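# Descriptive analysis of the structure
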Amino acid sequence: MAERLSGKVAIVTGGAHGIGRAIAERFGAEGATVVVSDINAEGAEAVARGIEGAGGKAIAVPTDVSQKASVDHLYDETLERFGTVDVVVNSAGLVNTERHFLEGDEAWWDAIHGVNLKGTFLSGLRAANFMARHGGGVIINVSSGGATRAHRGNAAYDATKGGVEALTRAMAVDLAPYGIRVNALIPGSINTSGMTPETKQERGKAIPMGRVGEPEDMTGAAVFLASDDAGYVTGQMVAVDGGILAAMRSPAADIFPLSKYPDVSRQDGEPARRQERNG
Ligand SMILES: NC(=O)c1ccc[n+]([C@@H]2O[C@H](COP(=O)([O-])OP(=O)(O)OC[C@H]3O[C@@H](n4cnc5c(N)ncnc54)[C@H](O)[C@@H]3O)[C@@H](O)[C@H]2O)c1
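Residues numbered from 1 in each chain as written. Predicted model: local features only at pLDDT ≥ 70, side-chain atom pairs only at ≥ 80, totals over all residues.

Before going further, it helps to examine the packing of helix α3 (residues 68–82) against helix α4 (residues 106–133). Relative to each other, α3 and α4 sit at 35 degrees, their axes nearing to 9 Å. Crossing of α3 over α4 shows right-handed handedness. Within the contact between the two elements, α3 uses Lys68, Val71, Asp72, Tyr75 and Leu79 and α4 uses Leu122, Ser123, Arg126 and Phe130. Class assignment of the residues belonging to the contact of α3 with α4 gives a composition of five nonpolar, one polar and three charged. (Axes fitted to C-alpha atoms, helices over the stretch in contact; angles between N-to-C directions. Helix = DSSP H or I, 4+ residues; strand = E, 2+ residues; numbered from the N terminus. Left-handed = near helix turned anticlockwise from the far one by under 90°. Contact = placed C-beta atoms within 7 Å. Nonpolar A, V, L, I, M, F, W, Y, C, P; charged D, E, K, R; others polar.)

Moving on: unusual backbone geometry. A positive phi angle, close to 55 degrees, is found at Asn96, a residue other than glycine. One can find Asn96 in the loop between β4 (87–90) and α4.

What follows deals with the pairing of strand β5 (residues 137–142). Counting buried residues in β5 gives six out of six residues, a clear majority hidden from the surface. Burial along β5 is two-sided: Gly137, Ile139 and Asn141 facing one way and Val138, Ile140 and Val142 facing the other are all buried. Of the pairings in the sheet, the one linking β4 to β5 comprises four bridges and is parallel in character. Pairing of Asn90 across the sheet is with Asn141, part of β5. (Buried ≥ 20, exposed ≤ 12 C-beta atoms within 10 Å, placed from the backbone. Pairing = 2+ DSSP bridges.)

Our focus in this paragraph is the environment of Met237. Looking at where Met237 falls in the secondary structure, it is placed in strand β7 (residues 237–240). Excluding its chain neighbours within four sequence positions, the residues that come into contact with Met237 are Ser143, Glu165, Ala184 and Ile186.

Written as structure tokens, this is what we have:
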């Protein structure tokens, strides 16, 4: 099959692991020159070497997307090495952020927003400012089903993803006249943390397609959005989730069962929260 991204330079943040890694590797196989960006420098280097080992072209640039100076370095380095950037995937994100709302605090909120939402903004800002002056490009953000259907115990994370979707639409509208397309992927329950076979089976039961996703499941939609086949697609959220959002119940409910809700006491001595009913 012909390579679909040959000649393109692509930055993938969060490229050392999980969804970002799978997309970086697939982009490399599709002929793109890949800049693997991650706060995990060693991991990013290993992914870049893997892409080169498979016959592709890649470099690693250690980046903390929550810090403007670090994002500036990522883009400066990319432009110095390759002279352009055509595609950016903003997959860097803090996951495993569960905390009940009653136990939330400012540091929890700020840390998650710094990476998931501000990081997406900072990277998009540098990308757009280059692309607008050089004939356009493609930006792909990474949202979550939590943007529109609440996870239990994940208010800060879900708020960042709602922000990512609003930001994606706003960027798409502002940047369309400059030939820049901006879309977002909505991953379903993707096995990026090495789920046990039991966990996969249990979560799979609540997913219409009957299984959790693997990181590679995300890559076809990413290639499509990055390619000229999506030349008239902008401002869209593309769910790659085996049908989760189309159905009534998220399997992630099980990650934070009611039994983990804080046991606060009411002043009148009544139990403050309802008992678990159906998980
Ligand atoms: N896995 C899922 O089921 C799922 C579902 C919905 C959305 N998502 C989203 O997909 C994206 C990727 O998630 P994943 O499951 O692949 O997670 P992951 O933990 O496997 O990968 C995330 C990567 O981001 C990097 N990272 C973290 N903080 C960073 C920072 N400050 N600067 C740069 N890099 C940083 C990590 O080092 C890691 O390599 C996230 O935005 C996540 O919210 C994942």
